[in-house]
Amino acid sequence: MTPHYTFNRTTVIAGARYFADHCMACHSVSSLRYEYLTADLGMPKKEVKKDIMLPNGAAFKKTIVSPMPPDMAAKWFGKPPPDLSHMDRYLGSKFIYTYLLSFYWDPARPSGWNNYVFPMVAMPNVLAPWGGTVGPKGQVIYPGKLSPAEYHKKVADVVAFLRYASDPSYFKRMALGPYVIGILLLFTILAYLLKTAYWIDLKKKG
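Residues numbered from 1 in each chain as written. Predicted model: local features only at pLDDT ≥ 70, side-chain atom pairs only at ≥ 80, totals over all residues. Heavy atoms only, no water.

Asker: An account of the overall build of the protein chain is needed here, citing residue identities and associated values.
Answerer: The secondary structure content of the protein chain amounts to nine helices and six strands. The globule rule puts the C-alpha radius of gyration for 206 residues at 17 Å, and the 24 Å found for the protein chain is more than 25% above it. Counting contacts in the protein chain only where the partners sit at least 6 residues apart, residues at least 24 apart contribute 62% of the total. Of the roughly 12500 Å² of accessible surface on the protein chain, 65% is carried by carbon and sulfur atoms. Where the 25 positive side-chain charges of the protein chain centre and where its 13 negative ones centre are 6 Å apart. (Helix = DSSP H or I, 4+ residues; strand = E, 2+ residues; numbered from the N terminus. Rg over C-alpha atoms; globule rule 2.2 N^0.38 Å. Contact = heavy atoms within 4.5 Å. Areas by Shrake-Rupley, 256 points an atom, 1.4 Å probe, with all protein chains shown as cover. Lys, Arg positive; Asp, Glu negative; His and termini not counted. Charge placed at Lys NZ, Arg CZ, Asp CG, Glu CD.)

In structure tokens, the structure reads:
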């Protein structure tokens with residue numbers, strides 16, 4: 001499935017908030033520093049500290065690291081939850097979006113959850129209270145707090161944040177792009193004028 005969102009700072013910030021509330025307890029994004037959310041996205045430092053820097057010991061200039069000790073994570077889940085820094089580049093936005101929407105209730109699994117696109121996954125469906133619980137055939141067992149459209153929007157925001165986390169320089173590049181193109185265009189014009197003047201001199205000499 002394709003996530004539908006506008007990849008801009010507002011969407012990424014919304015995804016960062018949702019990620020901090022529901023994913024950061026287990027998953028790190030160690031290629032990203034908290035300060036990038038202010039420097040790149042324009043999120044006020046006060047809001048970053050209040051809404052995003054939830055783990056104990058988090059520092060504004062440090063990377064986003066889960067507070068869960070790896071040894072305890074391995075004990076609880078069988079293996080430590082992966083760092084999601086480059087997950088978007090590795091698996092792609094479509095896979096992540098589809099994966100997050102593909103959990104179903106499976107009492108045979110230790111966590112009680114399974115996944116259509118990642119069978120036997122160790123991760124539980126932490127978003128079930130908002131998206132609802134479905135059975136293996138897609139039947140609704142418990143409805144979520146959000147409508148399907150609202151829930152899909154929340155998941156798409158998280159996907160947008162993970163896309164940004166895998167390429168934090170994106171917005172800076174986009175901001176510099178017009179200036180770089182303008183400089184190249186200016187040099188092209190100057191080169192053309194220089195060529196024209198050079199050929200005029202040659203024709204006069206000829």
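Asker: If you had to explain the layout of surface pockets to someone new, which residues and values would you point to?
Answerer: The computed volume of the largest pocket comes to approximately 690 Å³. Looking at which element gives the most residues to the lining of the largest pocket, the answer is helix α6 (residues 93-100), with four residues. Partitioned by chemical class, the residues of the lining of the largest pocket number 25 nonpolar, two polar and one charged. Taken as a whole, the second largest pocket spans an internal volume of roughly 350 Å³. Together, 24 residues line the second largest pocket, and Leu101, Gly131, Gly132, Val134 and Tyr151 are the ones closest to its centre. Elements represented by at least two residues in the lining of the second largest pocket include exactly α7 (128-131), β5 (133-134), β6 (140-142) and α8 (148-165). With three residues, α8 is the single largest residue contributor to the lining of the second largest pocket. Its residues placed into classes, the lining of the second largest pocket shows 15 nonpolar, nine polar and no charged. (1 Å grid on protein atoms, 1.4 Å probe; cavity = no way out; pocket = protein on both sides within 12 Å on 5 of 7 lines; lining within 4 Å. Points joined across faces, edges and corners; volume = space filled by probe spheres on them. Nonpolar A, V, L, I, M, F, W, Y, C, P; charged D, E, K, R; others polar.)

Asker: Let's hear about unusual backbone geometry: which residues, and what values?
Answerer: With phi around 65 degrees, Met120 is a residue other than glycine that occupies positive phi space. Here Met120 lies in the loop between β4 (113-115) and α7.

Asker: How would you summarise the state of the cysteines if you had to cite specific residues and measurements?
Answerer: Inspection of every chain in the model, using the stated rule, returns zero disulfides. Its sulfur unpaired, Cys26 is 8.7 Å from the next cysteine sulfur, which belongs to Cys23. (Disulfide = S-S within 2.5 Å.)

Asker: An account of the confidence of the model for the protein chain is needed here, citing residue identities and associated values.
Answerer: The predicted model of the protein chain has a mean per-residue pLDDT of 90, with 99% of residues at 70 or higher. Confidence, read as mean pLDDT per element, is least for helix α4 (residues 70-77) in the protein chain (83) and greatest for strand β3 (residues 103-105) (97). (pLDDT = per-residue confidence, 0-100.)

Asker: Tell me what's going on with the packing of aromatic side chains, and back it up with residues and numbers.
Answerer: Per the stated rule, a full pass over the model turns up 12 aromatic pairs. Here Phe7 and Phe171 contribute two aromatic rings whose centre-to-centre distance is 5.4 Å and whose plane-to-plane angle is 25 degrees, an arrangement assigned as stacked. Residue Phe7 is found in the segment before α1 (9-22), and its partner Phe171 is found in helix α9 (residues 170-205); the two are separated by 164 residues along the sequence. Taken individually, Phe7 and Phe171 each receive the classification buried, so the pair is uniform in this respect. One residue, Lys145, lies across the ring of Trp130, its end atom 5.1 Å from the ring centre. A cation over a ring is seen here: Arg163 above Tyr170, with NZ or CZ 5.8 Å from the ring centre. (Phe/Tyr/Trp six-rings, centres within 6.5 Å; stacked < 30°, edge-to-face > 60°. Buried < 20%, exposed > 50% of the residue type's maximum accessible area, 1.4 Å probe, protein only. Lys NZ or Arg CZ within 6 Å of the ring centre and 35° of its normal.)

Asker: I'd like a description of the pattern of salt bridges, backed by residues and values.
Answerer: Going through the model one piece at a time under the given rule, you end up with eight salt bridges. Arg17 serves as the salt-bridge partner of Asp51, at 2.3 Å between the closest nitrogen and oxygen. Here the residue Asp51 occupies a position in helix α3 (residues 45-52), and Arg17 occupies one in helix α1, the gap between them amounting to 34 residues. Where Asp167 meets Arg173, a salt bridge forms, and the shortest distance between an N and an O atom there is 2.9 Å. One connected set of salt bridges, linked through shared partners, spans Arg17, Glu47, Lys50 and Asp51. (Salt bridge = Lys/Arg side-chain N within 4 Å of Asp/Glu carboxyl O.)

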